[in-house]
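Take a look at the letters that make up each chain.
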Amino acid sequence: MKKILLTSAGFENKRIEEEFMELIDKEARDIKALFITTAAVEPDAIMVLPKCLEDLLNCGILKENITVYDMHKLIEFEEIKKYDVIYVCGGNTTYLVNRIREVGFKNRVNAFIKNGGIYIGVSAGSVAASGEYENGLDFIKNKLGVHFDKGTESGVVRNEGPIYLTDNQAVLITDEVIKIIE
């Protein structure tokens, strides 16, 4: 089953954290996460990285089970499949999408998801997963906007048209269902 959670600001809303924990069938202490910081190339984004790491730690994931990956070389699928979660932080979406394309990460992450892995995007990590960029991950056709004051109404949405998220919302994608949660 496809399990994707696209957020504007990570687990700022505890309901989003709860949705993530419902997607995973392991005890938190046994979860292994690949923590991707690639998009954080500007000072504002770099300053948010500790908050993103706290999202995982606050779920009960052990620090030693979190591996940082900066996407400057291709990670082999044999390595990726050791993880339960890929958590992609925010920052410069264009830079992130270019790295995804340049290292061929899209094929790896698609295989990861097909094998039951969970993808969590935060800000740029979410936008890169939407239909916003031609060379992005394209998990949904919708163009995705983050950090809006007024977001798209909660509930099931179609895989077309734009989606706008506040910092308290997320898009949950499971198989063919796309749902806004808050």
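Okay, so let's go over this structure. (Residues numbered from 1 in each chain as written. Predicted model: local features only at pLDDT ≥ 70, side-chain atom pairs only at ≥ 80, totals over all residues. Heavy atoms only, no water.)

Bringing the overall build of the chain into the picture now. Secondary structure summary: the chain contains six helices and ten strands in total. Against the globule reference of 16 Å for 182 residues, the chain gives a C-alpha radius of gyration of 15 Å, in line with a compact fold. The principal-axis extent of the C-alpha atoms belonging to the chain is close to 35 × 35 × 35 Å. Considering the chain as a whole, with its 182 residues, one finds that 53% of them fall into the buried category. A separation of at least 24 residues holds for 67% of the contacts in the chain among residues at least 6 apart in sequence. When the accessible surface of the chain is split by element, carbon and sulfur atoms take 48% of a total near 8,800 Å². (Helix = DSSP H or I, 4+ residues; strand = E, 2+ residues; numbered from the N terminus. Rg over C-alpha atoms; globule rule 2.2 N^0.38 Å. Buried < 20%, exposed > 50% of the residue type's maximum accessible area, 1.4 Å probe, protein only. Contact = heavy atoms within 4.5 Å. Areas by Shrake-Rupley, 256 points an atom, 1.4 Å probe, with all protein chains shown as cover.)

This part is about helix α1 (residues 14-23). Given 3.6 residues per helical turn, the α-helix brings residues three or four places apart onto the same face. Of the residues making up α1, those classed as buried are Ile 16, Glu 17, Glu 19, Phe 20 and Leu 23. With its buried residues spanning 160° around the axis, α1 presents them on a single face. Tucked inside the fold, the buried residues of α1 contact β1 (3-7), α2 (43-58), β4 (85-88), β5 (118-122), β9 (170-174) and β10 (177-181). (Arc of directions from axis to C-beta.)

Take the nonpolar core next. Residues Leu 6, Ile 86, Phe 105, Tyr 119, Phe 139, Ile 163 and Val 171 are the most contacted members of the largest nonpolar core, which totals 38 residues. Discounting residues that sit within four places of it in the chain, Ile 86 has contacts with Leu 34, Ile 36, Ile 80, Phe 105, Val 109, Phe 112, Ile 118, Tyr 119 and Ile 120. If you look at the next biggest cluster of nonpolar residues, it comprises 27 residues, including Phe 11, Phe 20, Ala 33 and Cys 52. (Core = buried A, V, L, I, M, F, W, Y, C linked by side-chain atoms within 4.5 Å.)

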